[in-house]
Amino acid sequence: MGTDISEPLILKTEKIDVGAESEGVPEWKDQITFRGLVVSALLGTLFCIITHKVNLTAGMFPTLNVGAGLLGYFFVKSWTGFLSKLGFQVSPFTKQENTVIQTCVVACYGLAFNGGFGSYLIAMDERTYNLIGVDYPGNRAEDVKKPGLGWMIAFLFVVSFLGLFSLAPLRKVMILDYKLTYPSGTATALLINGFHNNSGAKLAGKQVDGIGDSCGFDNFPTFGLTLFKNTFYFDFSPTYVGVGLICPHIVNCSILLGAIISWGFLWPFISARAGDWYPSGLENTDFKGLYGYKVSIAVALILGDGLYNLIKIICIIAKEMCNKSAKESKLPIIQEVISEDTPVSQTLASPFCSLYDENSEGLKEERKREEIFLKDKIPTWFAASGYVVLAAIATAITPIIFPPLKWYLVLVSYIIAPALAFCNSYGAGLTDLGLSSTYGKIGLFIIASLVGSDGGVMAGLAACGVMMSIVSTASDLMQDFKTGYLTLSSAKSMFVSQLVGTAMGCVIAPLTFWLFWTAFEVGSPDGSFKAPYAVIYRELAILGTEGFSELPKHCLALCCGFFVAALVVNILKDVTPKKISQYIPIPMAMALNFYMGAYLAIDSFVGTAILFIWERINRKDAEDCAGAMASGLICGEGIWTIASAFLSIFKINPPICMYFGPSVSR
């Protein structure tokens, strides 16, 4: 039995004459230009500075994908217009070149966060060691490594490229067969298409609305203060309302169900046992307390769902290789097709459209997109051999930079990393949420526990970097493949631009961080750049050296239970009839709110409720405009993130801020 859903992943938006456009689609080498690389380097530097600023102050990772596409268009269009007025002949600025710039910039500035400059790398420094306390059990002076440009750049070059090779062979499965939405990638593609399409330019212009700041209503107790304490409130996030409009109803309902199970029942139940199951009075980020349950159980659910689907893909591919006459390969969120005898690649609905008739214009467009996307292949042997060679290099060099992290531990990390990268990419495709830092923490804890007290802290922190780099870059690549697919860009140009952008980031991210490091007291609790997560990562590594016995009571048992539950749910989705399986929730989507707050579920459910009502009132209008509306919400907040970051850099704060709390008796 299949596990299809009964609705399109994204409803129909503006039509694009793919047949006409494809005649003028440049070759993949022509999509990568010198001017594009120059603009990418400039924007990459700017976005690295913004990311460092946000990361070192709030410990957050700003999503600037949309801003990269917008500013890339602005700079190149301005430059070509200026040269044209001077009488120079310039090559036209295509949407494919715009997409390459966006991809390159995202790969570059992503390393400003995933490079650990606000987390695991700073956790190795002497300042963090002193903050925790020289007498703190397990906090050894030997587990200190001062930041240095040389070793940081070398480490990033060693570990940052493997993720690009780990999932490249699965791009057809993730984008065409699974039809994963990757909401940010889809919104960016719509924006780029709008800028380069006369018919879509006005629509794209309407999408960029000024979105409000983070003061006041993002913490509004919508359902009362009691539920607010359990993170059940609407935080007015346009991005996740847009995600709710783009993602299928079953995904959004799964997210909400996960929030109700975790924040509505499980976490209050465990919290009530503080003092019995775990020590009371712990910090919110202490792995010995409720935080340990949140991270561990969420990862158990994610791994259960992700590994099941990864094994399923491998089995399907093996079966198709052995039997070319197989009729179909049904996958978790593929829409029901017209005929069981028609190959999947020829019958899947477009991400923007409902089901098509055989002779419909929409199906022709979809087939043309697939043809362009699959035209420039990335050979499986190339990706596999590239991963093996890079893993061998990293296995040899990483222990030189971090001696406590032995070569065989690095090798084991690279053996299991592709499976984790698939889980992270699959989750990001469903909900637009990447959990690379969560996978990094799990890798940190496991390696630290294996090494023990003699070097376990340093080994765990370094392993965290290895894991974060792989799962994050793999997810970013798949997100950009989605953008490239929708903008008729070559998959090969996307892959090469990711390589170039990653190489830029390996140099630019450490250099821009060094500006902060030399100019400010980074990591100081009294400074402007406190790097709040540095202490958390080091304490987690210290806890890891004490082994799994230090996890809170019943934590491992609960993890095993939820892992098995994820497997059972997936099996049920595959063996039950479609009329039943379409209502069975997706464990991966449920798991994300076990770790994140329930407010994300409220936001996405508001989006799916709007879409549901809209469909009932005027289905055609909803199909025509829902995708554009969702893109506008995501793009608007993404662009405002850049403006908000500049206001923050210059310390321009709102004049007032509302706060909601219980009334005070007088």
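Since this is a predicted model, take the numbers as computed values, not measurements. (Residues numbered from 1 in each chain as written. Predicted model: local features only at pLDDT ≥ 70, side-chain atom pairs only at ≥ 80, totals over all residues. Heavy atoms only, no water.)

Draft legend 1. Up close: the overall build of the protein chain. Across its full length, the protein chain carries 29 helices and zero strands. Within the protein chain, the proportion of its 666 residues that are buried is 58%. Sequence separation of at least 24 residues holds for 81% of the intrachain contacts in the protein chain that already meet a minimum separation of 6. Split by element, the accessible area of the protein chain, about 26900 Å² in all, is 64% carbon and sulfur. (Helix = DSSP H or I, 4+ residues; strand = E, 2+ residues; numbered from the N terminus. Buried < 20%, exposed > 50% of the residue type's maximum accessible area, 1.4 Å probe, protein only. Contact = heavy atoms within 4.5 Å. Areas by Shrake-Rupley, 256 points an atom, 1.4 Å probe, with all protein chains shown as cover.)

Draft legend 2. Broad picture of the packing of aromatic side chains. With the rule as written, the count across this model stands at 26 aromatic pairs. For the ring pair Phe-269 and Trp-277, a centre distance of 5.8 Å and an interplane angle of 80° mean the geometry is edge-to-face. Taking the relative accessible area as the measure of exposure, Trp-277 reaches 16% and is therefore buried. Between Trp-407 and Tyr-408 the ring centres are 5.8 Å apart and the planes differ by 85°, which places this aromatic pair in the edge-to-face class. On the basis of relative accessible area, Trp-407 is assigned to the exposed category, the value being 51%. (Phe/Tyr/Trp six-rings, centres within 6.5 Å; stacked < 30°, edge-to-face > 60°.)

Draft legend 3. Quick peek at the pattern of salt bridges. This model, assessed by the stated rule, comprises ten salt bridges. Among the ionic pairs, Glu-97 bridges to Arg-35, the shortest N-O distance being 2.8 Å. On the criterion of sequence distance, the pair formed by Glu-97 in helix H5 (residues 95-114) and Arg-35 in helix H3 (residues 34-58) is long-range, its members being 62 residues apart. Among the ionic pairs, Asp-143 bridges to Arg-140, the shortest N-O distance being 3.2 Å. A cluster of three or more residues bridged by salt bridges with shared partners is formed by Arg-140, Asp-143 and Asp-454. (Salt bridge = Lys/Arg side-chain N within 4 Å of Asp/Glu carboxyl O.)

Draft legend 4. Focus on helix H22 (residues 456-486). The end-to-end C-alpha distance of H22, which contains 31 residues, comes to 45 Å, matching closely the 45 Å that a straight helix rising 1.5 Å per residue would cover. By the criterion of burial, H22 is predominantly enclosed, with 30 of the 31 residues buried. (Expected span 1.5 Å × (residues − 1).)

Draft legend 5. Examining the packing of helix H19 (residues 380-401) against helix H20 (residues 407-431) more closely. The contact between H19 and H20 brings their axes to 8 Å, and the two run at 150°. The handedness of the crossing between H19 and H20 is right-handed. Only Trp-407, Val-410, Leu-411, Tyr-414, Ala-417 and Pro-418 of H20 make contact with H19, whose side of the interface consists of Tyr-387, Ala-391, Ala-394, Thr-395, Thr-398 and Pro-399. Grouping the constituent residues of the contact of H19 with H20 by class yields ten nonpolar, two polar and no charged. (Axes fitted to C-alpha atoms, helices over the stretch in contact; angles between N-to-C directions. Left-handed = near helix turned anticlockwise from the far one by under 90°. Nonpolar A, V, L, I, M, F, W, Y, C, P; charged D, E, K, R; others polar.)

Draft legend 6. The arrangement of unusual backbone geometry in detail. In the Ramachandran plot, Tyr-182 falls in the positive-phi region, its phi being about 45° despite a non-glycine side chain. Here Tyr-182 is to be found in the loop between helix H10 (171-177) and helix H11 (183-195). In this structure Tyr-182 comes out as buried when scored by relative accessible area, which is 0%. Even without being a glycine, His-554 presents a positive backbone phi close to 65°. His-554 sits in the partly exposed class, given a relative accessible area of 39%.

Draft legend 7. Fine view of a nonpolar patch on the surface. Together, Trp-407, Tyr-408, Leu-411, Val-412, Ile-415 and Ile-416 make up an exposed nonpolar region whose accessible area comes to about 610 Å². Summarising the element assignment, Ile-415 is placed in helix H20. (Patch = residues over 30% accessible without salt bridge, like charges linked within 9 Å, V, L, I, M, F, W, Y side chains within 5 Å.)

Draft legend 8. Region of interest: the packing of helix H14 (residues 238-246) against helix H28 (residues 599-617). Two elements in contact, H14 and H28, have axes separated by 7 Å at closest approach and are oriented at 45°. When the axes of H14 and H28 are compared, the pair comes out oblique. The crossing of H14 and H28 is right-handed. In contact with Tyr-240, Val-241, Gly-244 and Leu-245 of H14, H28 contributes Leu-600, Asp-603, Ser-604, Gly-607, Thr-608, Ile-610 and Leu-611. Residue classes in the contact of H14 with H28 are distributed as six nonpolar, four polar and one charged. (Parallel < 35°, antiparallel > 145°, perpendicular 65-115°, else oblique.)

Draft legend 9. Here's a closer look at the environment of Ser-184. Here Ser-184 shows up in helix H11. Along the primary structure Ser-184 and Ala-630 are separated by 446 residues, whereas in three dimensions their C-alpha atoms are 9.9 Å apart. Residue contacts for Ser-184: discarding those within four places in its chain leaves Thr-63, Asp-432, Gln-479 and Ile-634.

Draft legend 10. Representation of H14. By the criterion of burial, H14 is predominantly enclosed, with nine of the nine residues buried. Pro-238, Thr-239, Tyr-240, Val-241, Gly-242, Val-243, Gly-244, Leu-245 and Ile-246 are the residues of H14 that are buried.

Draft legend 11. Examining the state of the cysteines more closely. Enumeration over the complete set of coordinates arrives at zero disulfides. A disulfide-free cysteine, Cys-559 has its sulfur positioned 4.2 Å from the sulfur of Cys-555, the nearest such atom. (Disulfide = S-S within 2.5 Å.)

Draft legend 12. Broad picture of the confidence of the model for the protein chain. Confidence along the protein chain averages 79 in pLDDT terms, with 82% of residues attaining 70 or more. Averaged pLDDT values for the elements of the protein chain fall to 34 in helix H17 (residues 344-347) and rise to 94 in helix H8 (residues 149-159). Counting interchain partners and residues more than four positions distant, the pLDDT-below-50 stretch residues 1-22 has 98 contacts. Low pLDDT (under 50) marks residues 199-214, which in the prediction has 24 contacts with non-local residues, meaning those over four places away or in another chain. (pLDDT = per-residue confidence, 0-100.)

Draft legend 13. Just the environment of Ala-383, in detail. Looking at the secondary structure, you find Ala-383 in helix H19. Residues within four places of Ala-383 in sequence aside, it is in contact with Phe-165, Ala-168 and Pro-169.

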